[in-house]
Amino acid sequence: MKAELDEGFRTFMHGRWPAMVRLAYALTGDQGHAEDLAQTAFAKAYASWPRVIRAGNPDAYVRQIVINENNNRFRKRRVRELSTDSLPETSIPGIDLASRTALLGALKILGPRQRAVIVLRYWLDLTDAETAIALGCSVGTVKSQASRALATLRQHAELVEGDLR
Amino acid sequence: VNLHEQLDDVFEAISPAPAPIEATMKRGTRIRWRRRVVAVTGVAAVVAAAIGVPLTVHWQASPAPAITRYSVTVRPPGPHAPANERGTEFKPCCVDG
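Quick notes on the rules
Residues numbered from 1 in each chain as written. Chains lettered and ligands numbered in written order. Predicted model: local features only at pLDDT ≥ 70, side-chain atom pairs only at ≥ 80, totals over all residues. Heavy atoms only, no water. Helix = DSSP H or I, 4+ residues; strand = E, 2+ residues; numbered from the N terminus. Buried < 20%, exposed > 50% of the residue type's maximum accessible area, 1.4 Å probe, protein only. Contact = heavy atoms within 4.5 Å. Buried area = accessible area lost by both parts, 1.4 Å probe. Salt bridge = Lys/Arg side-chain N within 4 Å of Asp/Glu carboxyl O. Polar contact = N/O pair within 3.5 Å; in protein donor to acceptor, adjacent residues only side chain to side chain. Phe/Tyr/Trp six-rings, centres within 6.5 Å; stacked < 30°, edge-to-face > 60°. Lys NZ or Arg CZ within 6 Å of the ring centre and 35° of its normal. pLDDT = per-residue confidence, 0-100. Expected span 1.5 Å × (residues − 1). Bend = angle between axes of the 7 residues up to and from the residue. Core = buried A, V, L, I, M, F, W, Y, C linked by side-chain atoms within 4.5 Å.

Draft legend 1. Layout of the overall build of chain B. When helices and strands are counted, chain B shows 3 helices and 2 strands. The helix and strand sequence of chain B, counted from the amino end, reads α-α-β-β-α. A total of 97 residues make up chain B; the buried ones form 13% of that total.

Draft legend 2. Structural view of the side chain of A:Q145. Within the fold, A:Q145 resides in helix α9 (residues 139–154). Beyond its immediate sequence surroundings of up to four residues, A:Q145 is in contact with A:R113, A:Q114 and A:V117.

Draft legend 3. Focus on the interface of chain B and chain A. With 29 residues of chain B in contact, the opposing surface of chain A contributes 38 residues. A combined buried area of about 3100 Å² lies between chain B and chain A, and 64% of that area is made up of carbon and sulfur atoms. Of all residues in chain B, B:L3, B:F11 and B:I14 bury the most surface against chain A, accounting for 21% of the area lost on that side. Applying the counting criterion to the chain B and chain A interface returns 3 salt bridges. Between B:E22 and A:R10 there is a salt bridge, and its shortest N-O distance comes to 2.7 Å. Linking chain B to chain A there are 16 residue pairs in polar contact (both at pLDDT 80 or more).

Draft legend 4. Just the packing of aromatic side chains, in detail. For the coordinates displayed, the defined rule picks out 8 aromatic pairs over all chains. Ring centres of A:Y25 and B:F11 lie 6.2 Å apart, and the angle between their planes is 75 degrees; this geometry places the pair in the edge-to-face category. Of this pair, A:Y25 sits in helix α1 (residues 2–28) while B:F11 is found in helix α1 (residues 3–12), placing the two residues in two different chains. For the pair formed by A:Y25 and B:F11, the shared burial category is buried. The ring of B:W33 has B:R36 lying over it, and the distance from NZ or CZ to the ring centre is 5.1 Å.

Draft legend 5. Just the confidence of the model for chain B, in detail. Residues and elements named next belong to chain B. Of the residues in chain B, 91% reach a pLDDT of 70 or more, and the chain-wide mean stands at 83. Summarising per-element confidence for chain B, the mean pLDDT is lowest in helix α3 (residues 92–96) (48) and highest in helix α2 (residues 21–61) (92). Taken together, the chains of this predicted complex give a pTM of 0.70 and an interface ipTM of 0.74.

Draft legend 6. Representation of the side chain of A:E69. Residues and elements named next belong to chain A. With respect to the helices and strands, the residue E69 is situated in helix α4 (residues 58–77). For E69, a relative accessible area of 16% gives the class buried. Contact partners of E69, with chain neighbours within four places excluded, come to L37, T40 and K44.

Draft legend 7. α1(A), seen in detail. Residues and elements named next belong to chain A. Here α1 spans only 34 Å end to end across 27 residues, well under the 39 Å set by a 1.5 Å rise per residue. At R16, α1 shows its maximal bend, which comes to roughly 50 degrees, and the proline P18 appears one to four places after that position. Positive phi appears at G29, one or two residues downstream of α1, with a value of about 75 degrees.

Draft legend 8. Summary view of the nonpolar core. A:F42, A:V66, A:I118, B:L7 and B:F11 are the most contacted members of the largest nonpolar core, which has 52 residues in total. A per-element tally of this core places α1(A) first, with 11 residues. In contact with A:V66, other than residues within four places in its own chain, are A:M20, A:L23, A:A24, A:L27, A:L37 and A:A41.

Draft legend 9. The pattern of salt bridges, seen in detail. Applying the stated criterion across every chain yields a total of 8 salt bridges over all chains. Put simply, A:E69 and A:K44 hold a salt bridge, and the shortest N to O gap is 2.5 Å. A residue pair is termed long-range when its members are at least 10 positions apart, and A:E69 in helix α4 and A:K44 in helix α2 (residues 31–47) qualify at 25 residues. Beyond isolated ion pairs, a larger network of salt bridges with shared partners links A:E7, A:R10 and B:E22.

Set out below in structure tokens:
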């Protein structure tokens, strides 16, 4: 029984590891932190693996732990990111603002909550309500944070051209 | 190109290190044990509190037993006293009176 559960966990982690690291990276902006965060999330899921399996959606469970751990990281360590007037990446002539570097740079000027809203709402395509549940805040907060974050991103207009929902 | 696609392009480009599965499972096992220890400690603390608190409260709430000292002065029974008489109360007020 335990061997079966362990094998199930191995398969799950092997399959979902890249996606969770990418989510953690989207939230933290740092690959080292992202891998640590993802590992913590999988370890916590493994600690309650039979219950996680019974609940029926291990992917959502691990994703929620990643989000919570990221929130805790900011609460506990008082990590702060200060907004800056200019981005080095975007100020370099000849670099397309829609490039990967520019978008990453633009995301980094967002606060952690605003970045999380952008990632969950516009990358993972969660609804406002689902995003609010995931972040433990109200739908109104999600909307206002999304609005502010998009306004910041629109300062680099090419980044968000197109049909934003 | 909409924001979703741009974000997709950015984050799909990340190539994570291989999944540290065995290390994660060991870490998960440690977390599980820590949770069990915390749970057992919590239960023990609740049981100790459930037993200890009422005892302490009871001990503090109950008043100290009143110690009443009676001072009785008796006279030995006289020569014609009934057989079962052990003594006669001495009342100073009567003597004074």
